[in-house]
Every structure is written in C-alpha cells, then in structure tokens.
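Here's the letter readout for the chains.
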Amino acid sequence: MSAPMTRAGRRTPAAGVHTLRRFAAPREPRQERCELCGVPVAEGNHRHLVDTEQRSLACSCTPCALLFERPGAAHGRFLSVPDRYLADHDHRLDDNAWELLQIPVSVAFFFRNAALDRLVALYPSPAGATESELDPSTWQTVLGGSRLSGLLEPDVEALLLRRSEGRAECYLVPIDICYELVGRMRLLWQGFDGGAEARADLRAFFEHVERRTEATVGERRP
C-alpha cells in the first residue's frame, strides 16, 4: 500500500512514516475458534472434524469432537478425526510394489472415501495434494496384506507411506496430519527435488510420526 499523496503529487513524509510503523508493528495472532460452536480453541492443540459433504477439515473444540464420535451424529456429515498412530513394521514394500502404485514422489497417503466407496491415493506436490488413480486390484496387491488396511477407518484415517532406500514403510495416522504435511511441503518446496529445507522438514515430520506410533497394532476402535 502506498502512502497518501499530496495535491502536488508528492508523498507526505509524516504519513509515510506512520504507514511504515503500522506495517512494522507486530500483528496479533489470529484466534482459532471451533467452526461449529465458535468457542476459542488453543492453536495447535485442538481437534478436527471431517465434513463429508464438503470434503474438507474443520477445527473443533473437544466437546464438539466428542459429540461427533457418536455414530449417526448429524446424519454422518461430520466425523471426528481420531488421534491414533499405528505402524506395521513387518509389512514393508519393495521398489516393485511402489512402482505398481505409480506415485512419482517418495511420500503418499491413502484413505477410503465412504461416499465413493473406493480408495483415494494422494501425494504432496508444489501445487498441493495431487490425486493418483488407483484401481482396487492394485490396492489389494500392494497394501491389502497389511494388518493396517483392515483397521483403516473411512474418511478420517489414512495409510501414510514413505519410500526410503529402496523400501517403503506404512503408518496408520489421522488424516489431518496428512494434509498438514501437504501444506508444509507446498510452503517449503523448491526446485525439482524439493530442496534441502523441505527434505529436512520431511525427516522431522516422520520422526514425529514414529514417536507417536504405537509399537503394536491395536484393535479397531469401538
């Protein structure tokens, strides 16, 4: 924004200084609020809901999130995103299996869209989340043997895969962290391979996932 102009067409110095000071002043952080009831929620420490009609995520306070954990609440439009992290370290994918998935990068996530009754495969890119077509037979061949595939909750959880050094590891994670990863990669990505900063952030992200992961695959949530 330019500073105000005088009648002679010159910027007024005092006004210009005032404008610079206004922009230099620290901005107050935006208060996150529950998108259902409007109460303030702590940044980085709140729940998310999946809006199955809009195919989007919504911020939620804990009481609202608990409400939508009940089967049939709001006719199933809103679903609470769970917070479990699981791993099946015995089920690893080799290069041949990864090639069948036709994913051009080293990270991808898969979730079951209940409305479409099919698996959706997405991967991070500089443009955001990019969908890759995946037919049911490929899904069954590559991931159907994993114990995690039988535990996957539609719409709210994802199988997160990372390929490294010729093998790929698979985690079951809340779907909101997958979209968090997409946003981080979109922000940091540089050049053809993402750049050093994006690669370092990706390593830190999966270290966090590993710390949250339970050592043993648990039973399906009631």
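Everything quoted here is computed from the prediction, not taken from an experiment.

**Some words on the overall build of the protein chain**
At step 1: Across its full length, the protein chain carries six helices and 10 strands.
At step 2: Of the contacts formed within the protein chain by residues at least 6 apart in sequence, a portion of 58% connects residues at least 24 apart.
At step 3: A total accessible area of about 13,500 Å² is found for the protein chain, and carbon and sulfur atoms account for 51% of it.

**Looking at the nonpolar core**
Soluble globular proteins tend to bury their nonpolar side chains together.
At step 1: One finds Phe109, Leu160, Val173, Leu181, Phe205, Phe206 and Val209 to be the most contacted residues of the largest nonpolar core, which totals 26 residues.
At step 2: Considering each element in turn, this core owes the most residues, seven residues, to helix 5 (residues 175-188).
At step 3: Ignoring anything within four residues of it in the chain, the contact list for Phe205 reads Leu160, Ile177, Leu181 and Arg184.
At step 4: Ranked by size, the runner-up nonpolar core spans 23 residues in total, among them Phe110, Leu119, Ala121 and Leu148.

**Things to note about the pairing of strand 9 (residues 157-164)**
At step 1: Sheet topology note: the strand 6 (residues 107-113)/strand 9 ladder contains four bridges and is antiparallel. Across the sheet, the residue bridging to Phe109 is Leu160, located in strand 9.
At step 2: Of the pairings in the sheet, the one linking strand 9 to strand 10 (residues 167-174) comprises eight bridges and is antiparallel in character. Bridging across to strand 10, Ser164 finds its partner in Arg167.

**Looking at the pattern of salt bridges**
At step 1: What the rule picks out here adds up to 11 salt bridges.
At step 2: With a shortest N-O distance of 2.9 Å, Asp88 and Arg147 are connected by a salt bridge. Placement of Asp88 in the loop between strand 4 (86-87) and strand 5 (93-94) and of Arg147 in the loop between helix 4 (136-142) and strand 9 is noted, with a sequence separation of 59 residues between them.
At step 3: For Asp88, a relative accessible area of 4% puts it in the buried group.
At step 4: Several salt bridges share partner residues, and in doing so they unite Asp51, Glu53 and Arg77 into one network.

**Details of the sheet that holds strand 1 (residues 47-51)**
At step 1: Spatially, three strands are ordered 2-1-3 in an open sheet, and the strand pairing comes out antiparallel. Looking at strand neighbours, the two that pair on one side only are strand 2 (56-60) and strand 3 (78-80), the edges of this open sheet. Across the sheet, the mean angle from the axis of one strand to that of its neighbour is 35°, orientation sign disregarded.
At step 2: Of the strand pairs in this sheet, strand 1 and strand 3 are connected by three bridges, and their pairing is antiparallel. Counted as the bridge partner of Val50 is Leu79 from strand 3.

**Examining the packing of helix 5 against helix 6 (residues 195-212)**
At step 1: In the contact formed by helix 5 and helix 6, the axes pass within 9 Å of each other and the chain directions differ by 165°. By the criterion of interaxial angle, the relationship of helix 5 to helix 6 is roughly antiparallel. The element helix 5 and its partner helix 6 pack so that their crossing is right-handed. Of helix 6, the residues touching helix 5 (which contributes Ile177, Leu181, Arg184, Met185 and Leu188) are Glu197, Ala198, Asp201, Leu202, Phe205 and Val209.
At step 2: Its residues assigned to classes, the contact of helix 5 with helix 6 shows eight nonpolar, no polar and three charged.

**A short note on the environment of Gly38**
At step 1: Along the chain, Gly38 falls in the loop between helix 1 (13-24) and strand 1.
At step 2: The exposure class of Gly38 is partly exposed, given its relative accessible area of 30%.
At step 3: When the C-alpha atoms of Gly38 and Cys59 are compared, they prove to be 9.8 Å apart, with 21 residues separating the residues in sequence.

Conventions adopted
- Residues numbered from 1 in each chain as written.
- Predicted model: local features only at pLDDT ≥ 70, side-chain atom pairs only at ≥ 80, totals over all residues.
- Heavy atoms only, no water.
- Helix = DSSP H or I, 4+ residues; strand = E, 2+ residues; numbered from the N terminus.
- Contact = heavy atoms within 4.5 Å.
- Areas by Shrake-Rupley, 256 points an atom, 1.4 Å probe, with all protein chains shown as cover.
- Core = buried A, V, L, I, M, F, W, Y, C linked by side-chain atoms within 4.5 Å.
- Buried < 20%, exposed > 50% of the residue type's maximum accessible area, 1.4 Å probe, protein only.
- Pairing = 2+ DSSP bridges.
- Salt bridge = Lys/Arg side-chain N within 4 Å of Asp/Glu carboxyl O.
- Axes fitted to C-alpha atoms, helices over the stretch in contact; angles between N-to-C directions.
- Parallel < 35°, antiparallel > 145°, perpendicular 65-115°, else oblique.
- Left-handed = near helix turned anticlockwise from the far one by under 90°.
- Nonpolar A, V, L, I, M, F, W, Y, C, P; charged D, E, K, R; others polar.

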